[in-house]
Amino acid sequence: MIALTFPIYLQEPLLATTVAGDPNSSVSLPFIPGSLLRGALVAQYLREHPDADIATAPELRALFMNGKTRYLNAYPLDARGRATLPTPAAWHCNKDEESPVYDLSAESRDDEDWQPQAVKSPFCQLKGNEVTFYTPNRQMNVHTQRDRVMGRATEDSGAVFRYEALAAGQSFGGVVLCDSEETAQTLESLFKAALFLGGSHNAGYGRVEIGAVKRADSWQEVPLKPTNLPSKGKLVITLLSDALLRDANGQYLPFLTAEWLGARLGVTLTLEQEHTFAKSSIIGGFNRKWGMPLPQTQAARAGSVYTFTTKSDIPAKRLAELIAEGIGERRVEGFGRLTINWHTEYDELKPQDPLEPVKQK
């Protein structure tokens, strides 16, 4: 597996909208979804090859459709150019205090003055027992609908729209996983063009520039130590992106269950509810080919922490496959990424001073 890593510089504000909020407003996600990058590269490829048929051409399907090439979510870069990751939902601090931060998936607290409050920052960078939190900058703009004939707002056509976008000037870390040298070379050539991501391009949103592309033959969001892969005992799963899961009846699951994961690993797992901090979300999307929205479905949310125990040996091969391949559906768009026993070494963390995002050189 070849990993292409690269910075994404926002030349304009970016709207990666969520399925929520007022119909006359759009609120961007705090990151760049893999689906946006994939869609922009499809559009760029078709501009360079106008006669290509994405539905039948083998080279196009290998690039965008067969699931072997995966476009991961781009999270903010810190001041050293390293990608941050979603903050685990198990991290809490005492109410009205910012330090220290306690990992409740490792150890519960029952102090008399303990009033837990979840960490609000959506992204973090963890090193030992030191953690740095990061919240991307946003930009609020108000737009007024204009009449197509009059060229201005009228009584019948003058709705006010509020856009809360990711502010220009920020940088995000993009990653594409591909399985062949040919695919990697084709993608690198597409990265050289200016791309437009998200919505409202004609209103001054979405233009980005791809920085220098680096390659890695062995890449993971979280470098794993031998102690991170247990043969038995405690297994802590942290979702690094939303996961679209289905049960045995084909229904979407809002949470990762012991039955689902146990069937994948071939062992019997027990969920420790006291040390599990799970959240769910609603995932939608839009298919430009059809000109229609995708069905809205429940998903396990990024940052969710699931603590399992087992008395059986967990095959190391299956754990490695779980991390490399991810779980659930739409993995080509960055869904289903996870890590194992990432933040279990310390139950108390020391927040560091916030880092500014890396700027474009």
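Heads up: the structure comes first, above all this text.
Given the structure is predicted, the values throughout are model-derived calculations rather than measurements.

Visitor: How should the sheet that holds strand β6 (residues 91-94) be read in this particular structure?
Guide: As a general point, the strands of a sheet are linked pairwise by backbone hydrogen bonds and lie either parallel or antiparallel. Here seven strands make up an open sheet; going across it, the order is β5-β9-β10-β27-β7-β6-β8 and the pairing mixed. Strand pairing shows two members of the sheet lacking a second neighbour, β5 (85-86) and β8 (116-118), which therefore form its edges. Alignment of strand β10 (residues 130-134) against strand β27 (residues 348-351), held across two bridges, turns out to be parallel. Pairing of Val-131 across the sheet is with Pro-351, part of β27.

Visitor: How should I be thinking about the pattern of salt bridges in this particular structure?
Guide: Side chains that carry opposite charge are capable of pairing whenever their charged atoms lie near each other. All told, the structure shown has 10 salt bridges when counted by the stated rule. Measuring nitrogen to oxygen at the nearest pair gives 3.2 Å for the salt bridge that ties Asp-78 to Arg-82. By relative accessible area, Arg-82 is classed as partly exposed at 31%. Between Glu-329 and Arg-246 there is a salt bridge; the shortest N-O distance is 2.4 Å. Taken together, the positions of Glu-329 in the loop between α5 (316-325) and β26 (338-340) and Arg-246 in strand β18 (residues 245-246) put the pair 83 residues apart, joining distant regions of the chain. Look at Glu-329 and you get partly exposed, because its relative accessible area is 28%. Assessed through its relative accessible area of 35%, Arg-246 is described here as partly exposed. One salt-bridge network, in which partners are shared between bridges, spans Arg-38, Arg-330 and Glu-333.

Visitor: I tried to follow helix α4 (residues 258-265) on my own but got confused; where do I start?
Guide: Side chains three or four residues apart in an α-helix point the same way, a direct result of the helix having 3.6 residues per turn. Residues Ala-258, Trp-260, Leu-261, Gly-262 and Leu-265 constitute the buried set of α4. Residues of α4 that are buried make contact with β17 (233-239), β18, β19 (252-253), β20 (270-271), β25 (305-310) and α5. Looking one or two residues beyond α4, the residue adopting positive phi is Gly-266, at roughly 75 degrees.

Visitor: Mind showing me how you'd approach the sheet that holds β17 here?
Guide: Here four strands make up an open sheet; going across it, the order is β20-β25-β17-β26 and the pairing antiparallel. Only two strands of the sheet have a single neighbouring strand rather than two, namely β20 and β26. Relative to β26, β17 runs antiparallel, the two sharing three bridges. Across the sheet, Ile-237 pairs through a bridge with Ile-340, a residue of β26.

Visitor: What is the right way to read helix α3 (residues 181-191) from this model?
Guide: Along α3, the residues classified as buried are Thr-183, Ala-184, Leu-187, Leu-190 and Phe-191. Down the axis of α3, the smallest arc covering the buried residues is 125 degrees, so these residues share one side.

Visitor: What exactly am I supposed to notice about unusual backbone geometry here?
Guide: Peptide bonds are mostly trans, and most non-glycine residues show a negative phi. Ser-99 connects to Pro-100 through a cis peptide bond whose omega is -5 degrees. Along the chain, the position of Pro-100 falls in the loop between β6 and β7 (101-103). Residues other than glycine seldom take positive phi values, yet Asn-341 does so here, at roughly 50 degrees.

Cut-offs and rules
- Residues numbered from 1 in each chain as written.
- Predicted model: local features only at pLDDT ≥ 70, side-chain atom pairs only at ≥ 80, totals over all residues.
- Heavy atoms only, no water.
- Pairing = 2+ DSSP bridges.
- Helix = DSSP H or I, 4+ residues; strand = E, 2+ residues; numbered from the N terminus.
- Salt bridge = Lys/Arg side-chain N within 4 Å of Asp/Glu carboxyl O.
- Buried < 20%, exposed > 50% of the residue type's maximum accessible area, 1.4 Å probe, protein only.
- Contact = heavy atoms within 4.5 Å.
- Arc of directions from axis to C-beta.

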